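A closer look at the structure
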Amino acid sequence: MTTTLKASRRVTPDEYEEEMTGNLFCPCCYTNVERTPKEKDLFINRRDPFYRHLKRWQQVACVLRAKKAEGKRYESWEEAKRAIDHGHLTIVKEFLQSKPEIELTPSGDYDETPVEDVGGPLAWVPIGRHKGETFELPSKITTVAGICSNFEVNKDKYFFLPGAQHAVQLAELITNVTELTSDILNTEQMPRLYFGRIKRSWNKGAFSTSTRMTRIECDPAIGDFTVKLPDGFCRDKSINDDSTGRIVMFYGVITTNGKGLAVDRLAWGEIALVPSKYNDLLMPD
């Protein structure tokens, strides 16, 4: 088998074709690899496509396995504070957990639900250049809607999310649901930012407290992917029967729904529709 693989033709990401799925192997460790993104030529942050090892072979050592990016580090408190003041860095203390009692008016730049951002407490964050170095910096209590509202600018901005160890560019933080595999359930999960295009959304019952099932485009190999939240909650987020084709972004942990994957129990600030004008930045045709 190894001899056969050594003699195989090398295929660059630019030469990739759909029928090659499942038949590509690393030239070093000979385990399966996959192209990412599977179809698009560029990521939203303009990175070129590349091959990555499958998670089920992560125990196999390989010198070609890319090390996880550690994100942005800062030389001093002054440098980090200056990045915050200039809008290059945001420290997110938490995402808003419950709907505000006051009625907020949507801004002109955001075409869905209101954006609720408030200043949070000073927070110690490990983003110093030297190991173990932390800075006490201003934080925000924010919403995914706030991140989506000015996505064209925010995608290049650095965010330090709850529980993180590094500040990372938003374009690197978000994951397309189509990239998920069932292997994700075998790994230790932390809440992450995901996005995907809505295929269909319907109220499973007859009341606002009934569960609304919102199906998201995903890899057919996992069956289906569902966002499961109360219908009334979704209505306030403008997610309804007419949301097909819209892109939704959420912050959470992946669970199961029958034989497929799902996300549920999201807080108020952990999900939002992405303004339509940014669709091409996330999922170009």
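Residues numbered from 1 in each chain as written. Predicted model: local features only at pLDDT ≥ 70, side-chain atom pairs only at ≥ 80, totals over all residues. Heavy atoms only, no water.

1. Some remarks on the pairing of strand 11 (residues 225–230)
Taken together, the 6 bridges between strand 10 (residues 211–216) and strand 11 define a ladder with antiparallel strand orientation. Bridging across to strand 11, Thr-211 finds its partner in Pro-230. (Pairing = 2+ DSSP bridges. Helix = DSSP H or I, 4+ residues; strand = E, 2+ residues; numbered from the N terminus.)

2. Section: the pattern of salt bridges
What the rule picks out here adds up to 7 salt bridges. Glu-217 is the salt-bridge partner of Arg-197, the closest N and O atoms lying 3.6 Å from each other. Placement of Arg-197 in strand 9 (residues 192–203) and of Glu-217 in the loop between strand 10 and strand 11 is noted, with a sequence separation of 20 residues between them. What makes Arg-197 buried here is its relative accessible area of 18%. A salt bridge links Asp-231 to Arg-212; its shortest N-O distance comes to 2.7 Å. Residue Asp-231 is located in helix 6 (residues 231–236), and its partner Arg-212 is located in strand 10; the two are separated by 19 residues in the primary sequence. For Arg-212, a relative accessible area of 5% corresponds to the buried category. Because the salt bridges share partners, they merge into one network encompassing Arg-212, Asp-231 and Asp-241. (Salt bridge = Lys/Arg side-chain N within 4 Å of Asp/Glu carboxyl O. Buried < 20%, exposed > 50% of the residue type's maximum accessible area, 1.4 Å probe, protein only.)

3. Things to note about the sheet that holds strand 7 (residues 168–169)
Spatially, 4-5-3-6-7 is the arrangement adopted by the 5 strands of the open sheet, whose pairing is mixed. Looking at the sheet topology across the chains shown, the edges are occupied by strand 4 (118–125) and strand 7. Examined bridge by bridge, strand 3 (residues 89–95) and strand 6 (residues 158–160) share 3 bridges and lie parallel to one another. Each bridged residue has a counterpart across the sheet, and for Thr-90 the counterpart in strand 6 is Phe-159.

4. Quick word on helix 2 (residues 77–85)
Of the positions making up helix 2, those classed as buried are Ala-80, Ala-83 and Ile-84. Considered in projection along helix 2, the buried side chains sweep an arc of 100° and stay on one side of the axis. Each element contacted by the buried residues of helix 2 is listed here: strand 3 and strand 5 (135–142). (Arc of directions from axis to C-beta. Contact = heavy atoms within 4.5 Å.)

5. With respect to the nonpolar core
Among the nonpolar cores identified, the biggest contains 25 residues, and Val-177, Leu-180, Phe-225, Val-227, Phe-250 and Ile-271 are the most heavily contacted of them. Contributing elements (two or more residues each) for this core: strand 9, strand 11, helix 6, strand 12 (247–252), strand 14 (260–264) and strand 15 (271–273). Per element, the largest residue contribution to this core is 3 residues, and it comes from strand 11. Sequence-distant contacts of Phe-250, defined by excluding residues within four places in its chain, comprise Val-144, Val-177, Arg-192, Leu-193, Tyr-194, Phe-225, Val-227, Val-263, Leu-266, Glu-270 and Ile-271. (Core = buried A, V, L, I, M, F, W, Y, C linked by side-chain atoms within 4.5 Å.)

6. A look at unusual backbone geometry
For Ser-238, which is not glycine, the phi torsion reads 65° and is therefore positive. Among the structural elements, Ser-238 can be located in the loop between helix 6 and strand 12. Residue classification places Ser-238 among the partly exposed positions, given a relative accessible area of 24%.

7. A look at the confidence of the model for the chain
Predicted coordinates in regions of low pLDDT should not be interpreted in detail. Across the chain, the average pLDDT comes to 83, with 78% of residues at or above 70. Overall, residues 104–110 carries pLDDT values under 50, and its contacts beyond four positions in sequence, including any with other chains, amount to 14 contacts. (pLDDT = per-residue confidence, 0-100.)

8. Focus: the side chain of Asn-279
Topologically, Asn-279 is positioned in helix 7 (residues 279–282). The exposure class of Asn-279 is buried, given its relative accessible area of 15%. For Asn-279, the residues in contact, after removing those within four places along its chain, are Gly-245, Ile-247, Val-274 and Pro-284.

9. A short note on the environment of Lys-72
Looking at where Lys-72 falls in the secondary structure, it is placed in the loop between strand 2 (50–53) and helix 2. You can call Lys-72 partly exposed: its relative accessible area is 30%. Considered as a pair, Lys-72 and Val-168 are 96 residues apart in the sequence and their alpha carbons are 6.0 Å apart. Once residues within four sequence positions are removed from consideration, Lys-72 is found in contact with Ile-127, Tyr-158 and Ala-167.

10. Structural notes on the side chain of Asn-176
Checked against the element boundaries, Asn-176 lands in strand 8 (residues 175–176). On the basis of relative accessible area, Asn-176 is assigned to the buried category, the value being 12%. Aside from chain neighbours lying at most four places away, what touches Asn-176 is Phe-195, Gly-196 and Met-283.

11. Side note on the pairing of strand 5
Strand residues, when the strand is regular, have side chains that alternate between the two faces of the sheet. Pairing of strand 3 with strand 5, which is carried by 3 bridges, proceeds in the parallel orientation. Bridge pairing in strand 5 links Val-92 to Lys-140. Two elements, strand 4 and strand 5, share 6 bridges in a ladder whose sense is antiparallel. Opposite Leu-122, over in strand 5, you have Pro-138 as the bridge partner.

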